Structures are given as C-alpha cells and as structure tokens.
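# Structure at a glance
Next come the chains, spelled out residue by residue.
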Amino acid sequence: MIEFKNVSKRYDTGTMAVKNASFRIEKGEFAFLVGTSGSGKSTLIKLILKEEEPTSGNIIINGKDTTFLKQNRVPFLRRSMGIVFQDFRLLPDKTVYENVAFAMYIVKATPRHIRRQVPMVLSLVGLSGKAKMYPNELSGGEQQRVALARALVNNPAMIIADEPTGNLDPETAWDIMSLLNEINMRGTTVVVATHAKEIVDQMKKRVIHIDKGVIVKDDKKGGYDCEI
Amino acid sequence: MRFNVISYLIGEGLSNIFKNKKSTISSLMIMCATMLVFGLFFVIGENVNAFVDNVADAQEIRVFIVNTATDEQVEQVGNEILSINGVRNVEYVSKDDAYDSMREWLGEEAVAGYEENNIFPASYNVTLTDLELNEEVQEQIWQIENVEDIRSSNQTIAQVIRLAKGVRIVTAAILVLLVVISIAIISNTIKLTVHARRKEISIMKYVGATNSFIRWPFLVEGIIIGIISGLISVAIIGLAYTYIANKMSGSDFMEMISWNLLEFKSMFNLILTVYLGLGIGIGIVGSSISMKKYLEV
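### Remarks on the sheet that holds strand β2 (residues 87-93) of chain B
Residues and elements named next belong to chain B. Pairing is antiparallel across the open sheet formed by 4 strands, whose spatial order is β2-β3-β1-β4. Looking at which strands have only one partner, the edges of the open sheet turn out to be β2 and β4 (147-151). In this sheet, neighbouring strand axes are inclined to one another by 20° on average, regardless of whether the strands run parallel or antiparallel. Sheet topology note: the β2/strand β3 (residues 123-128) ladder contains 6 bridges and is antiparallel. Paired with Val 93 across the two strands is Ser 123, which belongs to β3. With respect to the sheet, helix α3 (residues 71-82) is in contact with β1 (61-65), β2, β3 and β4, its orientation differing from that of β2 by roughly 160°.

Below, the structure written as structure tokens:
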C-alpha cells in the first residue's frame, strides 16, 4: 500500500529531514509513526501526501511510483487517502454536514450520493445529532471526529493522520484512537504520526520509530520506546 | 461537469462577493469609473465617426467637363471616373441641367440669352467610399482627358478626418489603460478573497480538489464583478448621454454644424458588448493572476 525505498529528503535550507528511509505498510495495516518533534515524521507524512518531493529514493503508493507523478495528477492521488490533521482544519463558516459534504463536492459526487453518504459517516463517528452545528460550537474531540468523517466520506483506501490527538485531552484522544482502530477494522489502512506515548504503548500496533531522520526501529507489535 | 457541481461553484463565487462587500464595492466603483471614462471617449468617437460619414455623404467632388466634348467623350469621362478606386458613385449633370440650376439660383435675367448659347459646362458629381481618398481620387481625375476643372472642399474634410483619427487613438489608448488598471484592481480584490480563504484552499487541496475546481469560484467572482460594472456603466453612460444629447439638440452649435448627436439606442448594443466583453475578460485574467501563488500546495 505504502512503500518507501531508500527515501531521503533534504530541504532547501540544507536540513536532512529524512535519511535513506525504507519501510512498507501493507493494505489493512495500522501503523504508528513516532518520534520527537523535528525527528522527521511530519516530513514522512508530507512525502506520502506528495506535498514534498523526495530528494532521492522512490515512494510507491497503491502500487504506483509517485516519485514522477505529474503535478496535475496529485489531486487524484490524494483522493485515495483521507487526511486528518492536529488542528482539525475545518471550515468555520460551514456546518458539520457541509464540512463533510464539501469533500464529496470536490470529487464531483452526485447529490443523491452525498445525501446518503454524509449521514452515514456522521453516524459512524457518532455525530449524527450535530450535523447542523458549526465547528466553533463543538468540543475539540468532536471537531476531530468531523475531520475524520470528512477523511472517510469518499471511502479512501487509507487514512493518514498527522498528530490527530495533539490538541486533545487524554480521554478524548483515546476516543479518536479507538475510532481510528474501528476504521482500521473495517479494512482501511491507517497511518498515524503521533507522540502520544501512552496510547501507542497500549494499542500494540506496528510502530515505526524515526529519530533525526533515520528509521531506528520498526516494531510489529511495539510500544513507543522499546529499547533499540 | 454535473449540474450540482456547476451550481456549487457559482454559488461559492457569489458568496465570495457578498462576504467581501468592501473590496467588492471598491473594485466595482473603480472599474465603473474607468469604464465610464472609456465610455465617454467611446460615445464621442462614435459621434465623430458618424459626423464624418455624414459630411462624406454631403461632400462631393464636382468634375467639370470641357465644353467642346462630344456626348461620347462625356460618357467616357464618366466611365473612367467610376473605375477609379474609392469612387462610390457618379451623377451626371448635363449642360441643360447646369443651365436650369443656374437659372434657379441666379434668376431669369442673369442667364437670359444663354439658353441658346449655353456656356455652363456639363459636370459629374462624384461621391467617395472613403473620404481619406479624396486627394488621390482628385489626382487621378485630373489625368482624365476633357476634364476642365475640379471643385471640392477638401480642406474641411482633411480636418474632420484628422479629428476622427485623433479621437480613435485616444479611445484606443484609454481602452488599453482601462484594461491594465482594471486587471490590477480586480486581481487585487480577488487576492483578498483568496487570502481570506487560503485555509479553505489548502483543505481543498488535501481533500484532492483539482486546481481548476479551486479556481472556478474565484473566476466566477471576477466575472460577476466585471459584468455588474459593465451594466452599471452602460446605465450611467446611457442616462447621462441621453440627457446631454437632449440639452444640445437645437442649440446654436448644433445648428451651426447642422447635425444632431446620435441616439444612444444606436450605440447601446456595441457599448454593452464592449463593456461585458471587457468585464468578463478582465475578471478572468485578474482572478487567474491572483490565484497562481495559492495553488502550490
């Protein structure tokens, strides 16, 4: 599903953000990407989203090498993944329903499909009753659920989450994580960049540990800081 | 594209306009102002053109034929004049016609005795397709045999033509200036909207929106501002022009040049087309310029 082959990324500033990273995340897998801030995990996410280009190496997503993907094909690559951010990135002047439907407008879904699909994902994330509310009327956890619903609404093959619990209190963080787990159970590949140590330790999922741009550990059922 | 997508994109464009009332209104006002300045020169230009055409119709070259010419030679002169490039029509005035008109003009006594011995020459009244060819045509007529004399008031014609040309150049220059200024203004207005919505744009990019999908609402915004400015301008120009034309009709000046201003009706279609074309074109170019930077995520 996602494969990095000897990928390095050097920014124009000279910072070597990722050094010769190779890993492979299979279809249906749940993987954590952990590391301190500045370790390079955000860069890894950006490379997956093709927001940044690798300096060397190849990135293969859904069996396709995206290294030489033309810029005008990038939107279609991104439609195969649902993306969740630490700061939710909801549109403040649109209701919960509209925020989710928005993602479907973009892929030119039919109105019928939108009317059917949006309530379905909203009930999946437990927000059926709040469809008409605006983001500022919701708690952080609820906002992140909206973001998750938006990521899920087009049935992507994978969910990429960059610090999805970074702005949430521990209890809410757990809600979001178990929701991600549930989504994973339904067959969607989930990649979560995080430094929520406790959660990672308890969930016993695959952990890819990155430090100073180098993948130092790739543990199939690991914790946050197992000895290297 | 499906209908709901189109209506979504247009709806977004419309809501942009209402969200940024201040910048929309200021760009509307400036676009109207420039369009009005252009419109002012445009209506003046149209009137000068119409005046030139009017003068052209009244202005003829009179070609007098030598008295000794035979009927065949006279006909020959007529045919040769007609074959000159730039001549629209020739009208034959026979010696008898000349005598009649002289008698009418000067009175019975003045022409008495000339009826038998007609000294008034036959002539051709030549009308031109293009006034600017006046001098060339005259030169060529001089080459024709049996031509006695040519009369034409080419002095006035040349001046009027020069004036018409000047107005056309100024109108064109103003048009170019208008386009440049308006593109700058509208792209700035849309830059504000784009900037206000950069977060939304980046979200759209992450969800997989294509650049053209993101661009459309802003294009719609630019186009709508352009169209509205065009409509407002055409209304203002129309009302002001009709008012002034009414005031001027019957004034001494208009009597003097024996001519009336064009009715606005006759220019309406052209000016509306030009305004809308400009508005839409400027809207598209302006919004495209302002979008460029924000599409690179």
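Let's pick the thread back up.
### Describing the sheet that holds strand β2 (residues 16-25) of chain A
Residue and element names in this part refer to chain A. Here 4 strands make up an open sheet; going across it, the order is β2-β1-β4-β5 and the pairing antiparallel. Looking at strand neighbours, the two that pair on one side only are β2 and β5 (64-65), the edges of this open sheet. Bridging between strand β4 (residues 56-61) and β5 involves 2 bridges; their strand directions are antiparallel. Within β5, the residue paired with Ile 60 across the bridge is Asp 65. Relative to the sheet, helix α1 (residues 41-48) contacts β1 (2-10), β2 and β4, its axis offset from that of β1 by approximately 120°.

### Remarks on the packing of helix α3 (residues 96-106) of chain A against helix α5 (residues 140-152) of chain A
Packed helices, taken two at a time, are described by the angle their axes make and the gap between the axes. Residue and element names in this part refer to chain A. α5 packs onto α3 with a crossing angle of 30° between their chain directions and a minimal axis gap of 8 Å. Compared by their axis directions, α3 and α5 come out roughly parallel. α5 is crossed by α3, and the crossing has right-handed handedness. Across from Val 96, Asn 99, Val 100 and Ala 103 in α3, the residues of α5 making contact are Val 146, Ala 149 and Arg 150.

### What about unusual backbone geometry?
Residues and elements named next belong to chain A. Here Lys 108, not a glycine, exhibits a phi torsion of approximately 60°, which is positive. Tracing the chain through its elements places Lys 108 in the loop between α3 and α4 (111-124). With 15 C-beta atoms counted inside 10 Å, the residue Lys 108 sits in the partly exposed group. The phi torsion at Asn 155 lies on the positive side, around 50°, for a residue other than glycine. Mapped onto the secondary structure, Asn 155 falls in the loop between α5 and β7 (158-162).

The rules behind each value
Residues numbered from 1 in each chain as written. Chains lettered and ligands numbered in written order. Predicted model: local features only at pLDDT ≥ 70, side-chain atom pairs only at ≥ 80, totals over all residues. Pairing = 2+ DSSP bridges. Helix = DSSP H or I, 4+ residues; strand = E, 2+ residues; numbered from the N terminus. Axes fitted to C-alpha atoms, helices over the stretch in contact; angles between N-to-C directions. Contact = placed C-beta atoms within 7 Å. Parallel < 35°, antiparallel > 145°, perpendicular 65-115°, else oblique. Left-handed = near helix turned anticlockwise from the far one by under 90°. Buried ≥ 20, exposed ≤ 12 C-beta atoms within 10 Å, placed from the backbone.

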